[in-house]
Every structure is written in C-alpha cells, then in structure tokens.
Amino acid sequence: MTAMARAENKTEAGGTARMVAALAKALREQRGLSQEQLGKLIGYTAAAISAMETCAQPASDQMLVKLEEVLGGGLGVFEKARALMRLEKYPARFRGFSELEAEAVTICSYETLVVDGLFQTEEYARALIGGSYPPVSEQKREELVEARLARKVLFDREPTPLIELILEESVLRRPFASWEIQREQLRSLVEDAQRDNVCVQVLSLERGLRGTYAGDRGPMKHVETQDHQHVVYLEIEDQGILVSDPPEVSQLAHRYAKIRAQALSPDESLGLIERLAGEER
C-alpha cells in the first residue's frame, strides 16, 4: 500500500473504523501486548496492527473476526463492528440505500448497463470496479469487492425477501475483462434466477420495435421496508438519490411495473440467459 493510499485511508476512515482502532489499541495495551505480539496471536504483522490502529489500513472483516477471538472478551464488540465496517466501505452515495436494502422485504431492481451488484460474481465485480474511472487502488478495489459480495446474504436472510431483477439484454452481452468472466456471471444469474424468492427478467433489445419502451429514463431500485414504506433509489454519475415522497415513488413504481410488463417472461428470460451463457467466444 502506497503512502498516498495510507494517507487517503486516514482521511476517509469512518467512525466505526476509528472506534475499532481506538478500542483495539486500548485492549491491547490493557493486556500488555505489543503490536508484534498481538499480530502473532491473530496472524498479522506488527505493521498491519499499526496500520489498523492509525486507520492507515482499517481492519478487514477477517481481522475483526480474529480481534474478537483474542481481545473481544465475550462482549461481541468486534463482531458487531463487522456489519458497520462493511457499510462504511460502500461509496458514500450508496450507504443510505444499503441500510434500507439490508432490511427490505421486497427489492426490485432495473439495470441498464451492468449486472446489479447484488447478483455480481466476485470476478465480474473485480473487473468492473478495477476498470472504472477514476481508477482506485488495488486495496480499495478489494474492499469494494468484499463489501459488494457481502450483500449476497440477502438471498438467504430470514425473513426471506422477495428479490426481482430486470436487466436490459445489452447487459448480458457486455463483457468485462474476459468472455469467460461474462459467461460465469451469466451462469451465476441462471442459478440465482431459480431461487424461490428471486425473479429475473430481461428487457429485449427489440422492445422498442413494438412502439413502446418504458426503460428510457434509466435504472432504478424500488424497495419495500419492514414497516411497508416504499422508497426508490436512483444513481447517476456518482450521485445517489433516495426518493421517499409518496406521489413521486408512486410514479416511479408505475414506470417500473410497465418495464416489468414489457420484459420477457421469467421462463423466456432464463432461456435467453442460458443460451448466451453457453455461446463460445
């Protein structure tokens, strides 16, 4: 990790990262352990412990697990910090929505350019994040990949949410890094589409030939919260917008419903994804 990346991490470290750093240092010193000694106990170098305590490199999810085992004292503080730390690793524009998504009972997403992050494979996410602009450091890329993959717990969360995904057909045909990564992503979509609580549909490239096309305004995510409030999340050019005003949400929900009605059926969509996944490149 470069000096510039360390300085950036210190500046951007969130409240949870700073709390973990201070608590870990205090508990380490209380037990009379040096940074090197703690590192040996949890499988890290003294430099890694120092970087964590100064927020030059905030604790990873794996480090938090080890800190809980060695310093937690049965209180579960480092375990509780794991979810909060993952939240802080998301881009600022996404954090508000991610909290709603984590507890939602219904999650509906329409994507026009890339596979929804909730459905992305590790290699697809890494290629997408690594190739974006402005470029991010390798460390930041891995943090973002880890945070994105952590969202997949939603598929099996209790109570089980209903998850809908509508993809533009062009998304299925747009590879990142390699065709094999794309094929693996499509195979993963096929598996997810067959979950009982998941519905995946594709909006055909030829939809506009029918004279009506409701997806021209761009992507959106529509969620129903545990208390049955409805919120829409819109994102464009690094700007995230949460829409909660009922009349506005209603209009966007109607547009989403129209997009869903214009998409291929779930069975037709699954067949198309399976065919594209099997094509040789």
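Residues numbered from 1 in each chain as written. Predicted model: local features only at pLDDT ≥ 70, side-chain atom pairs only at ≥ 80, totals over all residues. Heavy atoms only, no water.

Caption draft 1: Structural view of the overall build of the protein. Of the regular secondary structure elements, the protein holds 13 helices and six strands. The C-alpha extent of the protein, read off along each of the three principal axes, is 70 × 45 × 35 Å. Here the protein, with 281 residues, has 45% of them falling under the buried criterion. When contacts within the protein are restricted to residue pairs at least 6 apart in sequence, long-range pairs at least 24 apart make up 71% of them. Taken as a whole, the protein presents about 14,600 Å² of accessible surface, with 52% of it coming from carbon and sulfur. Of note, the protein has its 35 positive side-chain charges centred 3 Å away from the centre of its 45 negative side-chain charges. (Helix = DSSP H or I, 4+ residues; strand = E, 2+ residues; numbered from the N terminus. Buried < 20%, exposed > 50% of the residue type's maximum accessible area, 1.4 Å probe, protein only. Contact = heavy atoms within 4.5 Å. Areas by Shrake-Rupley, 256 points an atom, 1.4 Å probe, with all protein chains shown as cover. Lys, Arg positive; Asp, Glu negative; His and termini not counted. Charge placed at Lys NZ, Arg CZ, Asp CG, Glu CD.)

Caption draft 2: Structural context of the sheet that holds strand S1 (residues 106–111). Reading across the sheet, the six strands line up as S3-S2-S1-S4-S5-S6 and stay open at both edges, with mixed pairing between neighbours. Strand pairing shows two members of the sheet lacking a second neighbour, strand S3 (198–203) and strand S6 (239–243), which therefore form its edges. The sheet shows a mean angle of 15° between the axes of neighbouring strands, direction not considered. Relative to strand S5 (residues 230–236), strand S4 (residues 220–224) is paired through four bridges, and the arrangement is antiparallel. Directly across from Glu 224, in S5, lies its bridge partner His 230. (Pairing = 2+ DSSP bridges. Axes fitted to C-alpha atoms, helices over the stretch in contact; angles between N-to-C directions.)

Caption draft 3: Structural detail: the pairing of S5. The antiparallel hairpin formed by S4 and S5 contains five residues in its connecting segment, where His 228 sits at a positive phi of about 65°. Pairing geometry for S5 and S6, over five bridges, is antiparallel. Looking at the pairing, Ile 236 lines up with Gln 239 of S6. Counted between consecutive antiparallel strands, the loop separating S5 from S6 contains two residues, among which Glu 237 sits at a positive phi close to 45°.

Caption draft 4: A look at the nonpolar core. Formed by 34 residues in total, the largest nonpolar core has its most connected members in Phe 119, Ile 163, Leu 172, Leu 186, Leu 189, Val 200 and Ile 273. Among the elements of the structure, helix H7 (92–103), helix H8 (122–130), strand S2 (162–168), helix H10 (169–173), helix H11 (179–193), S3, S5 and helix H13 (266–277) are those that each provide at least two residues to this core. Those residues in contact with Ile 273 that lie beyond four places of it in its chain are Leu 172, Leu 186, Leu 189, Val 190, Val 200 and Val 202. In terms of nonpolar packing, the next biggest core, distinct from the first, is built from 17 residues, Leu 33, Leu 64, Phe 78 and Met 85 among them. (Core = buried A, V, L, I, M, F, W, Y, C linked by side-chain atoms within 4.5 Å.)

Caption draft 5: How the structure looks around the packing of helix H3 (residues 35–42) against helix H5 (residues 61–71). Where H3 meets H5, the closest approach of the two axes is 9 Å, and the angle between their N-to-C directions is 105°. Viewed along their axes, H3 and H5 adopt a mutual orientation that is roughly perpendicular. Along the contact surface, H3 presents Leu 38, Leu 41 and Ile 42, while H5 presents Met 63, Lys 66, Leu 67, Val 70 and Leu 71. Residues belonging to the contact of H3 with H5 are distributed by class as follows: seven nonpolar, no polar and one charged. (Parallel < 35°, antiparallel > 145°, perpendicular 65-115°, else oblique. Nonpolar A, V, L, I, M, F, W, Y, C, P; charged D, E, K, R; others polar.)

Caption draft 6: Expanded view of H13. Compared with the 16 Å implied by 1.5 Å per residue over 12 residues, the 16 Å span of H13 between its first and last C-alpha is a close match. When H13 is considered as a whole, its buried residues turn out to be Ser 269, Leu 270, Leu 272, Ile 273, Leu 276 and Ala 277. Down the axis of H13, the buried side of the element spans an arc of 165°, and every buried residue falls inside it. In this structure, the buried side of H13 is in contact with H10, H11 and S3. (Expected span 1.5 Å × (residues − 1). Arc of directions from axis to C-beta.)

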